Amino acid sequence: MDLRIFTEPQQGASYDTLLTVAKATEDLGFDAFFRSDHYLRMGGGDGLPGPTDAWITLAGLARETRRIRLGTLMTAGTFRLPGVLAVQVAQVDQMSGGRVELGLGAGWFEEEHKAYGIPFPKEKFARLEEQLAVVTGLWATETGQTFDFRGAHYQLTDSPALPKPAQAKIPVLIGGHGATRTPRLAARYADEFNMPFASVEDSARQFDRVRAAAEEADRAAGDLTYSNALVACVGRDEAEIARRAAAIGREPDELRANGLAGTPAEVVDKIGRYAEIGSRRIYLQILDLSDLDHLELISSQVQSQLA
């Protein structure tokens, strides 16, 4: 079971804070550092010092880390044209020496689009499907060849399909709760399917839908990696659990029910339940980025038991 650190910088984090967390992620032996792709905070708080761009952040981290994988859960399809996104991600992959992964979703948070003048189209899923076709098609085009695409939303003509990533294939992540279109899209384009903030039971049902969609597409269900994203709140005792829950404005009982919360033993046990349904990777949503002792505790008393 891989453990990855997943951050939500729109809630309030500078690049320096993200760099500190990413370096701790690397030093403590976690598999990867991922971040959300949002431009406006959600819920309470002031969001200061303001948003950081996901791919600019990852470009910086690509040069200041050496081992960890770097990526997004999820890049919003509404934010960037697919050809531009393909260029950006390929360049960051080069800058990292081949450690980038692309999580790509349709985009959903209308308020941030209004706040920064970003168009928010009514039909987003069809656009996402074309974006996936364009991005993966550009990367797969052999050097010296050109790429053309004629879709309802995007058209590319005689693209040189450059630059190329450092990796032969950048892993693509698709996720979500949709019962029909999401599994079909994952079966066609994804290397990994991620189930965000869901119970073991709901995750099992969605994983089965993705497996069935893969087989219908003449693809082995085991070709995909199945993963979960869950909020983390781990403490050595009840007082520490309560303190960490309060710091992120949540209650311990609610976090135990809906995330990975409790003592290290409790969290290891719950991760085991996700492993039983086929999850091979957990993205730990870390909301208090100032609490590096939290990461150290997870590394030494949770991750060590999963090796």
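Refer to the structure presented above.
Caption draft 1: Structural detail: the layout of surface pockets. One number sums up the size of the largest pocket: a volume of about 830 Å³. Lining the largest pocket are 36 residues, with Leu 73, Met 74, Trp 108, Pro 196 and Phe 197 sitting closest to its centre. Looking at the lining of the largest pocket, the elements with two or more residues in it are β4 (75-76), β5 (100-105), α5 (125-140), β8 (172-175), α6 (181-189), β9 (192-196), β10 (225-234) and α9 (252-258). Classifying every residue of the lining of the largest pocket by side-chain character gives 17 nonpolar, 14 polar and 5 charged.

Caption draft 2: How the structure looks around empty space enclosed by the protein. Tallied over the full model, the rule gives 1 cavity of 30 Å³ or more. Taken as a whole, the largest cavity spans an internal volume of roughly 70 Å³. What lines the largest cavity is Ala 232, Cys 233, Arg 244, Ala 247, Ile 248, Ile 286, Leu 287, Asp 288, Asp 291 and His 294. For the lining of the largest cavity, the elements supplying multiple residues, two or more each, are β10 and α8 (238-247). Considered class by class, the residues forming the lining of the largest cavity number 6 nonpolar, 1 polar and 3 charged.

Caption draft 3: Here's a closer look at unusual backbone geometry. In this model, Leu 48 is joined to Pro 49 through a cis peptide bond whose omega is 10°. Mapped onto the secondary structure, Pro 49 falls in the loop between β2 (32-35) and α2 (54-64). Cis geometry marks the peptide bond from Leu 162 to Pro 163; its omega dihedral reads 0°. Mapped onto the elements of the fold, Pro 163 is located in the loop between β7 (155-159) and β8. Unusually for a residue other than glycine, Asp 158 sits at a positive phi of about 50°. As for its position among the elements, Asp 158 is in strand β7. Despite not being glycine, Phe 197 has its phi angle at roughly 50°, a positive value. As for its position among the elements, Phe 197 is in the loop between β9 and α7 (200-216).

Caption draft 4: Spatial organisation of the packing of α2 against helix α3 (residues 82-96). Running from amino to carboxyl end, α2 crosses α3 at an angle of 15°, the nearest separation of the two axes being 8 Å. In this view, α2 runs roughly parallel relative to α3, as classed from their interaxial angle. The handedness of the crossing between α2 and α3 is left-handed. Side by side, α2 and α3 meet where Trp 55, Leu 58, Ala 59, Ala 62 and Arg 63 of the first sit next to Leu 85, Val 89, Val 92, Met 95 and Ser 96 of the second. Here the contact of α2 with α3 is built from residues that sort into 8 nonpolar, 1 polar and 1 charged.

Caption draft 5: The arrangement of the nonpolar core in detail. Counting 76 residues, the largest nonpolar core has Trp 55, Leu 102, Trp 139, Leu 284 and Ile 298 as the members making the most contacts within it. No other element matches α5, which puts 8 residues into this core. Apart from the residues lying within four places of it in its own chain, the contact partners of Leu 102 are Trp 55, Thr 72, Thr 75, Leu 85, Val 89, Val 135, Trp 139, Ile 170, Pro 171, Val 172 and Leu 173.

Caption draft 6: Broad picture of the pairing of β2. Judged by which residues are buried, β2 turns out to be covered on both faces: Ala 32 and Phe 34 on one side and Phe 33 and Arg 35 on the other are all buried. Relative to β2, strand β1 (residues 2-7) runs parallel, the two sharing 4 bridges. Across the sheet, residue Arg 4 finds its bridge partner in β2, namely Ala 32. With respect to chirality, the unit in which β1 leads through helix α1 (residues 15-27) into the neighbouring parallel β2 is right-handed.

Caption draft 7: Structural detail: the pattern of salt bridges. Counted by the stated rule, this structure contains 25 salt bridges. Measuring nitrogen to oxygen at the nearest pair gives 3.7 Å for the salt bridge that ties Glu 240 to Arg 243. Of this pair, Glu 240 and Arg 243 both sit in helix α8, 3 residues apart, which is roughly one turn of that helix. Residue Arg 243 is classed as partly exposed on the basis of its relative accessible area of 46%. For the salt bridge of Arg 244 with Asp 293, the shortest nitrogen-to-oxygen distance reads 3.1 Å. One end of the pair, Arg 244, is in helix α8; the other, Asp 293, is in helix α11 (residues 292-306), and 49 residues separate them in sequence.

Conventions used here
- Residues numbered from 1 in each chain as written.
- Predicted model: local features only at pLDDT ≥ 70, side-chain atom pairs only at ≥ 80, totals over all residues.
- Heavy atoms only, no water.
- 1 Å grid on protein atoms, 1.4 Å probe; cavity = no way out; pocket = protein on both sides within 12 Å on 5 of 7 lines; lining within 4 Å.
- Points joined across faces, edges and corners; volume = space filled by probe spheres on them.
- Helix = DSSP H or I, 4+ residues; strand = E, 2+ residues; numbered from the N terminus.
- Nonpolar A, V, L, I, M, F, W, Y, C, P; charged D, E, K, R; others polar.
- Axes fitted to C-alpha atoms, helices over the stretch in contact; angles between N-to-C directions.
- Parallel < 35°, antiparallel > 145°, perpendicular 65-115°, else oblique.
- Left-handed = near helix turned anticlockwise from the far one by under 90°.
- Contact = heavy atoms within 4.5 Å.
- Core = buried A, V, L, I, M, F, W, Y, C linked by side-chain atoms within 4.5 Å.
- Buried < 20%, exposed > 50% of the residue type's maximum accessible area, 1.4 Å probe, protein only.
- Pairing = 2+ DSSP bridges.
- Right-handed = clockwise from strand over helix to strand, strands pointing away.
- Salt bridge = Lys/Arg side-chain N within 4 Å of Asp/Glu carboxyl O.

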